[in-house]
Amino acid sequence: MIDKNHLRNTMLALTEAELEQAHKTYERFLSAARLDRTEPIENDEQGQAETAADLAEAFDDREHQVEAKISALNALDFGPKTEVAPGAAVRIGDRYLVIGVSTGEFSCQGQKFIGVSQAAPIYEALEGKRAGEFCEFRGRKLKVTEVY
C-alpha cells in the first residue's frame, strides 16, 4: 500500500529543492548582468551582461513555473482513488505514475515514481481507467494494474 501523504511530501520536498536551485541560478546570472557604471564599460562586457540578463530572465521564468507546481501539489487531493484522476498514484506494469504535476523520476517508499501532468498525452489515455482496465497509448496496450 502506498502512503500518499508521504508521496505528496516527497514530491513537495523535491519540487521545493528544484525551486531553490532555480532561484540560486537566477541570482547568479542576475549578479553577472550588473555592470559597475562608475567605470568605463567595454563592448564585450556589455555583451556578456546582456547575455547574463537574458539567462536570468529564463531562470526567473523557471522559478515561476516551479512555484506553480508547488501550488498545484498543495491543491491536489491525494485522497484514495478508484480511477485514474488528479491525485491518483497509478501502477502500470512495474511503473508508478502520480497524476497532477510533471516531475522527473524519484524514489519514495522503495518504489520509483514519475509525476505526470494532466496535460500529458498519457493522462488523456489513462483518465478514468480503473485497476484491471486497459488503455491504448502510442500504439501500445497498457494495463492499469493498481490505482491508489
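Structure: see above.
All values reported here derive from a predicted model rather than from experimental measurement.

Asker: So what's going on with unusual backbone geometry? Which residues, and what values?
Answerer: Of note in this structure, Gln109 is not a glycine but carries a positive phi near 55°. Even without a glycine there, the phi angle at Arg138 is positive, about 50°. Inspection of the secondary structure assignment puts Arg138 in the loop between β5 (134-137) and β6 (140-147).

Asker: How would you explain the nonpolar core if you had to name every residue and give the values?
Answerer: Counting 18 residues, the largest nonpolar core has Ile2, Leu7, Met11, Leu73, Val98, Phe106 and Phe113 as its most contacted members. For this core, the elements supplying multiple residues, two or more each, are α1 (4-33), α2 (43-75), β2 (95-100) and β3 (105-108). Take this core: its biggest share by element is four residues, from α1. Per-domain counts for this core show at least three residues from each of domain 1 (4-75) and domain 2 (83-147).

Asker: So, the sheet that holds β5: which residues are in play, and what are the values?
Answerer: Judged by pairing direction, the sheet is mixed, and its six strands sit side by side in the order β3-β4-β2-β1-β6-β5 without closing on themselves. Both edges of this open sheet fall to β3 and β5, since each of them pairs with a single strand only. Each neighbouring strand pair of the sheet contributes to a mean axis angle of 40°, computed without reference to strand direction. When β5 meets β6, the two strands line up antiparallel, connected through four bridges. Pairing of Glu136 across the sheet is with Lys141, part of β6.

Asker: Explain the side chain of Thr103 residue by residue, including any values.
Answerer: Note that Thr103 resides in the loop between β2 and β3. For Thr103, the side chain forms a polar contact with the main-chain nitrogen of Gly115, separated by 2.7 Å. With residues up to four places along the chain from it excluded, the contact list for Thr103 reads Met11, Lys69, Ile114 and Gly115.

Asker: How would you explain the environment of Met11 if you had to name every residue and give the values?
Answerer: By secondary structure assignment, the location of Met11 is in helix α1. Residue classification places Met11 among the buried residues on the basis of a relative accessible area of 1%. The contact partners of Met11, leaving out residues within four places of it in the chain, are Leu73, Phe78, Val98, Val101, Thr103, Phe106 and Gly115.

Asker: Pulling in residues and values, what's your account of the packing of aromatic side chains?
Answerer: For the structure shown, the criterion picks out two aromatic pairs. Centroid distance Tyr96 to Phe113: 5.2 Å. Interplanar angle 45°. Geometry classified as tilted. Of the two residues, Tyr96 sits in strand β2 while Phe113 sits in strand β4 (residues 111-117), which places them 17 residues apart along the sequence. Looking at Tyr96, the relative accessible area reads 8%, which means it is buried. Residues Phe106 and Phe113 carry aromatic rings whose centres are separated by 5.8 Å and whose planes lie at 20° to one another, so their mutual orientation is stacked. The pair Phe106 / Phe113 is uniform in exposure class, with both members buried.

What counts and what doesn't
- Residues numbered from 1 in each chain as written.
- Predicted model: local features only at pLDDT ≥ 70, side-chain atom pairs only at ≥ 80, totals over all residues.
- Heavy atoms only, no water.
- Helix = DSSP H or I, 4+ residues; strand = E, 2+ residues; numbered from the N terminus.
- Core = buried A, V, L, I, M, F, W, Y, C linked by side-chain atoms within 4.5 Å.
- Buried < 20%, exposed > 50% of the residue type's maximum accessible area, 1.4 Å probe, protein only.
- Domains from an automatic or database assignment.
- Pairing = 2+ DSSP bridges.
- Axes fitted to C-alpha atoms, helices over the stretch in contact; angles between N-to-C directions.
- Polar contact = N/O pair within 3.5 Å; in protein donor to acceptor, adjacent residues only side chain to side chain.
- Contact = heavy atoms within 4.5 Å.
- Phe/Tyr/Trp six-rings, centres within 6.5 Å; stacked < 30°, edge-to-face > 60°.

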